[in-house]
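If you want the building blocks of each chain, they are given just below.
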Amino acid sequence: MTAKQANQGATTVINGSDTAWLMTATVLVLLMTLPALALFYGGLVQAKNILSVLVQCCAVACVASVLWFVCGYSLTYSGNGAWLGDLSAVFLQNGNRTMLHAGTNIPESVFVMFQMTFAVITPALIIGAYVERIRFSAVLWISALWLLIVYVPVAHWVWGGGWLAKAGVIDFAGGIVVHVTAGVSALVIAWTLKPRVDFPKSVRPPHAPWMVMVGASLLWVGWFGFNAGSALAANADAGMAMLTTHLSAATATLVWMAIEWMSFGKPSLVGAVTGTIAGLATITPAAGNVGPLGAVVLGAAASLVCYGAVHVVKRVMVVDDALDVLGVHGVGGALGTLALPFLAGLGVGGAALHHPVGTQFLVQAEGVVAVAVWSAVATFVITKVTGMIVGLRVDRDHEIQGLDFSSHGETGYHSGR
Amino acid sequence: MTAKQANQGATTVINGSDTAWLMTATVLVLLMTLPALALFYGGLVQAKNILSVLVQCCAVACVASVLWFVCGYSLTYSGNGAWLGDLSAVFLQNGNRTMLHAGTNIPESVFVMFQMTFAVITPALIIGAYVERIRFSAVLWISALWLLIVYVPVAHWVWGGGWLAKAGVIDFAGGIVVHVTAGVSALVIAWTLKPRVDFPKSVRPPHAPWMVMVGASLLWVGWFGFNAGSALAANADAGMAMLTTHLSAATATLVWMAIEWMSFGKPSLVGAVTGTIAGLATITPAAGNVGPLGAVVLGAAASLVCYGAVHVVKRVMVVDDALDVLGVHGVGGALGTLALPFLAGLGVGGAALHHPVGTQFLVQAEGVVAVAVWSAVATFVITKVTGMIVGLRVDRDHEIQGLDFSSHGETGYHSGR
Amino acid sequence: MTAKQANQGATTVINGSDTAWLMTATVLVLLMTLPALALFYGGLVQAKNILSVLVQCCAVACVASVLWFVCGYSLTYSGNGAWLGDLSAVFLQNGNRTMLHAGTNIPESVFVMFQMTFAVITPALIIGAYVERIRFSAVLWISALWLLIVYVPVAHWVWGGGWLAKAGVIDFAGGIVVHVTAGVSALVIAWTLKPRVDFPKSVRPPHAPWMVMVGASLLWVGWFGFNAGSALAANADAGMAMLTTHLSAATATLVWMAIEWMSFGKPSLVGAVTGTIAGLATITPAAGNVGPLGAVVLGAAASLVCYGAVHVVKRVMVVDDALDVLGVHGVGGALGTLALPFLAGLGVGGAALHHPVGTQFLVQAEGVVAVAVWSAVATFVITKVTGMIVGLRVDRDHEIQGLDFSSHGETGYHSGR
Amino acid sequence: MKLIVAIIQPHRLDAVREALTAIGVEGMTVSEVRGYGRQKGHTEIYRGAEYTIAFLPKLKLEVALPSARVEDAVAAITKAARTGKIGDGKIFTLDLESVLRVRTGEIGESAL
Amino acid sequence: MKLIVAIIQPHRLDAVREALTAIGVEGMTVSEVRGYGRQKGHTEIYRGAEYTIAFLPKLKLEVALPSARVEDAVAAITKAARTGKIGDGKIFTLDLESVLRVRTGEIGESAL
Amino acid sequence: MKLIVAIIQPHRLDAVREALTAIGVEGMTVSEVRGYGRQKGHTEIYRGAEYTIAFLPKLKLEVALPSARVEDAVAAITKAARTGKIGDGKIFTLDLESVLRVRTGEIGESAL
Ligand SMILES: Nc1ncnc2c1ncn2[C@@H]1O[C@H](COP(=O)(O)OP(=O)(O)O)[C@@H](O)[C@H]1O
Ligand SMILES: Nc1ncnc2c1ncn2[C@@H]1O[C@H](COP(=O)(O)OP(=O)(O)O)[C@@H](O)[C@H]1O
Ligand SMILES: Nc1ncnc2c1ncn2[C@@H]1O[C@H](COP(=O)(O)OP(=O)(O)O)[C@@H](O)[C@H]1O
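The notes below deal with the structure included here.

Reading guide: rules and limits
- Residues numbered from 1 in each chain as written.
- Chains lettered and ligands numbered in written order.
- Predicted model: local features only at pLDDT ≥ 70, side-chain atom pairs only at ≥ 80, totals over all residues.
- Heavy atoms only, no water.
- Least-squares fit on C-alpha atoms with pLDDT ≥ 70 in both.
- Helix = DSSP H or I, 4+ residues; strand = E, 2+ residues; numbered from the N terminus.
- Buried < 20%, exposed > 50% of the residue type's maximum accessible area, 1.4 Å probe, protein only.
- Near = heavy atom within 4 Å.
- Polar contact = N/O pair within 3.5 Å; in protein donor to acceptor, adjacent residues only side chain to side chain.
- Areas by Shrake-Rupley, 256 points an atom, 1.4 Å probe, with all protein chains shown as cover.
- Nonpolar A, V, L, I, M, F, W, Y, C, P; charged D, E, K, R; others polar.
- Contact = heavy atoms within 4.5 Å.
- Pairing = 2+ DSSP bridges.
- Buried area = accessible area lost by both parts, 1.4 Å probe.
- Salt bridge = Lys/Arg side-chain N within 4 Å of Asp/Glu carboxyl O.

### A few points about the relation of the copies chain A and chain B
With an axial shift of 0.0 Å and an RMSD of 0.0 Å, the rotation relating chain A to chain B amounts to 120 degrees. This pairing of chains is accounted for by a three-fold axis. Across chain A, the smallest distance between a C-alpha and the rotation axis is recorded for serine 17 of chain A, namely 2.7 Å.

### Section: unusual backbone geometry
With glycine set apart, most residues show a phi of negative sign, and most peptide bonds adopt trans. With an omega dihedral of 10 degrees, the bond running from leucine 34 of chain A to proline 35 of chain A counts as a cis peptide bond. With respect to the element layout, proline 35 of chain A can be found in helix 2 (residues 16-44). A positive phi angle is found at glutamate 132 of chain B, which is not glycine, with a value near 70 degrees. Looking at the secondary structure, you find glutamate 132 of chain B in the loop between helix 4 (108-130) and helix 5 (136-159). Owing to a relative accessible area of 5%, glutamate 132 of chain B belongs among the buried residues under this scheme.

### Examining the site of ligand 1
Near ligand 1 there are 22 residues, and of these Arg38 of chain D together with Thr29, Ala64, Arg101 and Arg103 of chain E occur at the shortest range. Lying at an intersection of chains, ligand 1 is approached by residues of chains D and E. Here an oxygen atom of ligand 1 and a backbone polar atom of arginine 38 of chain D are 2.8 Å apart. Separating an oxygen atom of ligand 1 from a side-chain N or O atom of arginine 101 of chain E is a distance of 2.5 Å. Burial of ligand 1 by the protein amounts to 98% of the accessible area it has alone, namely 550 Å². Of all the secondary-structure elements, those providing two or more residues to the shell around ligand 1 are strand 2 (28-36) and strand 6 (90-95) of chain D together with strand 2 (28-36) and strand 5 (56-65) of chain E. If you tally residues by element for the shell around ligand 1, the top one is strand 5 of chain E, at 3 residues. In terms of residue class, the shell around ligand 1 is built from 8 nonpolar, 7 polar and 7 charged.

### A few points about the side chain of threonine 244 of chain B
Residue and element names in this part refer to chain B. Assignment of secondary structure puts threonine 244 in helix 9 (residues 236-264). Judged by relative accessible area, which is 0%, threonine 244 ranks as buried. Setting aside anything within four residues of it in sequence, one finds threonine 244 in contact with Ile283, Ala287, Val290, Gly291, Pro292 and Ala295.

### Section: the pairing of strand 1 (residues 2-8) of chain E
All names here are of chain E. Most of strand 1 is tucked away: 7 of the 7 residues are buried. Residues Lys2, Ile4, Ala6 and Ile8 of strand 1 are buried on one face, and the alternating residues Leu3, Val5 and Ile7, pointing to the opposite face, are buried as well. With 7 bridges connecting them, strand 1 and strand 5 associate as antiparallel partners. Paired with isoleucine 7 across the strands is lysine 60, a residue of strand 5.

### Section: the interface of chain A and chain B
Of the residues lining the interface, 56 residues belong to chain A; the matching set on chain B comes to 52 residues. Of all residues in chain A, Met23, Val27 and Arg97 of chain A give up the largest surface area on contact with chain B, accounting jointly for 17% of the area buried on that side. Where chain A touches chain B, the interface holds 1 salt bridge. A salt bridge links aspartate 237 of chain B to arginine 97 of chain A; the nearest nitrogen and oxygen atoms lie 3.2 Å apart. Between chain A and chain B we count 12 residue pairs in polar contact (both at pLDDT 80 or more) in total. Contributing elements (two or more residues each) for the side of chain A that touches chain B: helix 2, helix 3 (50-77), helix 4 (108-130), helix 5 (136-159), helix 8 (209-228) and helix 15 (403-408) of chain A. The element best represented in the side of chain A that touches chain B is helix 2 of chain A, accounting for 14 residues. Residue composition of the side of chain A that touches chain B, grouped by class: 33 nonpolar, 21 polar and 2 charged.

Pasting the structure below:
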C-alpha cells in the first residue's frame, strides 16, 4: 500500500494499466461506502432508523472527501515527518494534472482519489457504533475531528512514511489504519454515548436481513478494489491479493455458519454475512503477504475469534457497540495484522516480510497497540468535546420515535396508499 | 469526449490499457441506467407505480440500444457533416472486429459500446418527467423518436465533429449533449402531458427514500465511468476527471443538506442525494477542464442553483416535471457548461480552453441555447405526434389505480401471505 | 475462453492491461452471484422464503470457492487428460506468486480467480430449481458433489484441453459448461425433489418484482465481465464480445415484452427481465464468434425459444423447476451453442470457426448432447445419494411456514414496530 | 355510541376523510386490508401464465361516534367513497359500549 | 346480522375462503395481524444471541352475514382453519346493527 | 364477554402487553393502523417543500375477555399506554357474543 511496496520499476511516465486498474479500484472502494456499507448497516437497524443510517453514511463520506481535499491528503502523504505530513499539498495545489505520484506509475490525481476512498470508509465504519441514538450534528463533528486527529496521523505513520513505516510494520490494505482505528474508536464512542434506551432488552433482530446481505455482497466485491488496489499496480501482487481476499471471505463465511449451526441448530443469513465481513477485515493487512493456504487459515481464524469478540463486547462488557464495529472490524484487523508474520510462509504464493518472523511480529504488535491507544485516547477527547459543542444524543422521545422522522423528517417505508 | 480530445499519440495498434479502462467505463455507465437510475426514480414515485418506472427504464434502454445499432451510431459518428453524420456504419457493418476507432487507441467495438451507454441513459433521464401517468406505448414512441431526432443530431454537433465541435464548444462528458437535451425535453413533455391527477395536492413524499439513496449512490460510482471514461484513455485526464467529479458531488451533497437544514431545521436523505446528482450533472461538461478547486466551487454552485430551479419549475411555473429532470439535470448541465470557462484556470490541475475565456463563454452559451431550442421544438412535435398515434396518458382510473397493475399486470410489493 | 483462444502473442511477461481487465472481469462475475443472482432469485420466491434463497447463494458460492482451491481448479486446468485434469495444482500449490498462466499474459492467481467465479455461479444457478422446499444441508451436499462430479469434468473437456476442446467445440463463455450443465441438472433435481406443496395451484407471482429487476440489471452488467472477460485479454475480441452480449440482451428483452404484450395485452417487468437473462444466456457461447448482426438475431431467437421452453417445462412436463433454470438458462445456452456456426458469418465482426459450418454444427451438437447426458445421469445419482445422507426436503409444516424461519431462524421483513 | 366500520377503495381515503371532517367528525383509524366479494379479484401475469389474486387491496375505516351522528357519517362516507364500480365496499355499524381517551382518561362521548 | 371476526394461521386463508364460498358466503375482509396467546412467540437468532419475537403473524378475517348463517360459517371456518397446533386462533362473533353497500346504497342483508 | 379495541402509540406495545399479562390477560391481537384525530398528522420534507402526512402510525390492540375483567384491563392499558401527549389513543369496548377456540372447538370464556 505504501509507495514503497509498489515501487517496482518506478518510471517517470504514467503506466496505463496501473492507472486503469487503480481507477477501477477507486470505483470499487467508493462503492463499499455508497451504497454497500449503508445497506449493510441500514438493514441491521430498526425500520424507524434506516434512513438516518443512510444519511449518516452519505454525510460522513462527503465530509471526509472535502477534508481530504483541504488538508487531509497533504498531512498524510506529503513530506517525511515521523508523526505527520506537511502542508505542501493543501487544497491539492501541489502539481499539474499530469504529475506522477512518486514511487508509483500512476497520476497524482488517481493516487489522491484512491486514498480518499479509504479516508471515506474508515470514519463511515464507526457509524455502526452509534446508530439509533446519536444527534446528527454530533456525527458531523465527530467524523470531521476524527478524520484529522486519528485517521490522518495513523495513515501517515503506516503508509505515509512515518515512524511505523520506518519500523517496517506491514499493513497491506488497512488492518491497522482502517480497522483497528475504526474498531477501537467505535467502542470508545459507544461507551461514552451510553446504550440505546432499554439496551439490551430493546434490541431487535435486523429489520431487513436481505438488505444486510446485499450490503455485505457489495462490500465483498468492493473489497477486491480495496485489497487488490492496494498493490497500486495491475500486477501479480494485485492478483494474489484478490485471490487471498476471496478465499479468506469464503472460508470465514462457512465457519461462522458452522458455529451458529452447532450453537442454535440453524445457520442464519445475517450470521453468514457477518462471517464474510470478519474474513475480509482479517485478511486486509495480510492480503499482500500470505498465499492461498494462509488465506484459508486466516479466514477460519477470523470467524472463530470475531464470533467470540462480539459476544464479549455485547454481553460481557455490555457496551452498546450497536453493529459490532469493534468485534468484527477492530478485532479482525488486529488478528490479521498479528497473524501475518506466521502465515506469510505457509505454502507457496506468499511474499517476504520486512523482518524475521519474530521481529516482524513484535513490530506488528507495536503498531496495533500504539494505534489502538492513540485511537482510544483521541476519540475519547473528540467525543467529549463534541458533546460540549452540540450534545451527543437525541432526546428520549425522538430516539423512541426513530431518527428517520425526528432527525430527517422522512419515513423509511410508505405503503403509498 | 470527442476523438480529438483523446487524440494523444493516436496509433494504429490497439492500446490495451485504454481498452481495459473503456470497457470498465462502459460497464459503469450501463450500471447508471440499470439499475441505478431505475432505483433512483423508482424510489421517488408512489408504491403503486414503482414497477412501471422500472419497466420504462428497461424498455428505453433496449430501444435506444437497438436504434443505436441500426443507425444511431452511424448518424452520430460517421462522416464530417456539420449537421448530421452519414449512413456508412448502419447496422455497425463498417469494419472488421479488430478495427481501431479513428483518433483513439481503442477498438471500434469498444467506442460504439461506450457511446451506446450514453445514448441509453439520456432518454432514460427523461422518464422522470412523465412517470405515474404516461401510457407505456407512448414511452416507446417518444423515446425512439427522441433518440433519432434530438440526441443523435446534438451528439453529432458536439462530439461527432459537427458545427458546435468546429466552433470549439467544450462539453467533456455531456452537460449539453446529455443533461440540457434531457432536461429541456423533460419540461416540454411534462407540460404537454399535463400534471398528474390532483397535482400538486396529490404529491406524496417518495415511497422508498432508501431506494432513492441506493440509486443515487450507484449513479455516483457509475458517473466515474461516465466522466473519467470520457477521456477515452487510461491517463491523467481520466484521473483528474474522476477527482473533480467526486469533489463536486461531495460538495454539492453537503450544500444541499445545509440549505434544507437552514430552511426546515432538518436535512433529509432525499435532499442530500438530490444534491449529489446536481453536483454530478453540473461537473459533467467541466470534468475535463477544471481542477480540484474549481470542482468544489462548481459543486457548491450546483446545489444552490438547482435547489432554486426545482422550486421555480414545481411551484412558480407549476409544471409537473415529476422528478425534477429539468431542475436538477438540465439546469445543472447548463450551469457547468457556462461556468467552466471561468473555473478552468482556478488553481492548478485544470486544462486549457479552446478559446480565451470570454470567447469560450460565448461559444458555450451558443451551444446551450441552440441545443435547448432544438430540444424544445423537436420534443414538442415528437410528443404531439406520439399523442396522435397512440395517445399520451392512461385513463384517470388507471392512473389512480397505479400503472404497475393497470399497465403491467403486476403488484410492487406482495406481503406473500 | 480456453487458453488457446486467448493465445495471441503469448509472452513470458505479465501484460498489465490484460491483468487489469481480468481482475475487473473477476469482480463483475462474482457480482453476478453476490448479490445479482441472489436478488434475481430472491425476488421471484415468496416473502417467507426470501432469506433462504440468499443464504443458499452465499453458501454455494463459498463451498464452490473452497473446493476450487482444494482440487477443483487443479482437476479442471492441470495436465492434458482427455477426461480430467491432474492433481498438480491442489491447494493452489503449483507455483510462486509471479507465475504466468500458460497461454495467457496474466498471472496464474488472476486466472485461478477468474475461473473460480464461474465455478461459483454455475452451481448457484441451479438454486432456482429447488427453492422453497429443499433442506439446507442438502443444498450443501448437492452443490459440493455437483461441482466436482459435473462442473469440473465438463469444464475440463471444453476449456481445460479435454476431448471436446480437442474436437474443436466452441463455447466462448459457457453456453455448455455453465448453462447446459446447470439447466439440465436443475430439471433433474426439481423432478427428483418433487414439486412444492400444492404445485402448481400454490404458485404465486414474485413477491418483489422490483428485486427481480435489480438482480437482472446487475446480472446484465456483470455479464460483460463474464463474456468480455472470457477473451482473457483487453483486446478487440473482448470489445466485440461486450457489444454482442449487450445487443443480444437488449433485443431479447424487447422480444419477450412483445410476446407478452400480444398474449396478455400487457408487458410485465418480470417478463422483460426474464427476456434479458434469456438473451444473455443464449449469447454466452457465441459472444466471441458472432458480429453485431448475429447477436441481434440470436437475441430475438432467445426469447422466442425460451418463452416456449418455460411453458413446456412448467405446464406440459409439469416439473416444478421453480424459477425456470432449464427453460431460461439451459435452453438458452444450448440454443446459442447450436446456432453460432450459422450466425458467425452473418455480417461483419464475427470470428472464424474451428471447422466448416456443417462440421462445426455437428461438433457443437455432440458437445451439447454429451454434456446434457452426463449432467443428467450424474446429477440424478448425486441427488439420490444426498437424499440418503441428509434427506432432500424440509417437512411439510416447515415448507408452509417458510424456510426463512424454519431453516434459518429469521424473518425477511420486520415492520420494526 | 356507535362504531362505524367502512371498507373502501384505497384511493378514496382522502375524499372520505374530508367528507367526515366537513361534517365535524374529526377522528378515525385506518387499516390496510384485502377484500373478497362480488369483485372476484384480479389476474397477474408471470412468465407466460396468469395467476389470480383473490384478495384486492382495500382500506378499512373505523370511526367511533355518538349514535346521533351515525346517519350523517354513513351518508358522507357513502357519497365520498362511491365510484359506482363493483368493489366500492361496505359500511358496517356496530354498537359501542364505551370509549376512553388514553391521554386524559375521559370516558364517553367527550372522549371522541 | 352478525360480524364474525376470526383470527387464523396465515397459511389457512385459502382453505377458509374456499370453505366459506362452498357454503355460499361470498364476501370477506382480511387483515394481517400479529397475535399473542398461549403460543408464546418464537426466538430469532442474531449474532450469537437469541431474541424473542412475542407476536406471531396471523390473519384476521371479518365476515358479515345474516344471523341464520353464523353457525354454518363458524363451523366451516373452524374446520378449514384447524391444524391442531397451539396458535390456530379464535373466532369471535359480534352483533352487527346495520350494513350498507357503498356502490348501491342498499342496506341490510341485501347489501351482503 | 367483551372485546376491547385499543388504539395506542406503536412504541407502547411492549409496555401494554406486560401490563396485561401482569393482570393475567394472556391473549391479544395487534394490527398496524394509521390514525387521524386531534393530533393532526405531521409534515415531511421533500425537495424544498413540506408535505402533510395526515395519518400517523398507531397500533390497534384487540383483547377479548370476560366482562368481569374489562375494568382492570382498561385501567392497565390506559396506565401503560399513556405518555400524556396528544395522540395517545382510545380504548373502545364492544360486546362480544361468543368466542370459539379453533384448535379445540371450546366455546365461551374457556376459549380465551
Ligand atoms: N360479507 C362480507 N363481510 C365482510 N366484508 C365484506 C363482505 N362482503 C364484501 N366485503 C368487503 O367489501 C368489499 C367490496 O365488496 P364487493 O362485493 O366486492 O363489491 P360491492 O360491495 O360493490 O358489491 C370486499 O372487497 C370486502 O372487503
Ligand atoms: N384474548 C384474546 N383476545 C384477542 N385475541 C386473542 C386472544 N387470545 C388469543 N388471541 C389470538 O388468537 C391467537 C391464537 O391464540 P393462542 O392462545 O396462541 O392459541 P390457541 O387459540 O390455539 O390456544 C393469538 O395469536 C391471538 O392472535
Ligand atoms: N372517533 C374516532 N374513531 C376511531 N378512532 C379514533 C377516533 N378518534 C381518534 N381515534 C384514534 O385515536 C388516535 C388518537 O386520537 P387523537 O385525537 O389524535 O389524540 P387523543 O386521543 O390523545 O386526543 C387517532 O390517531 C385515531 O387512530
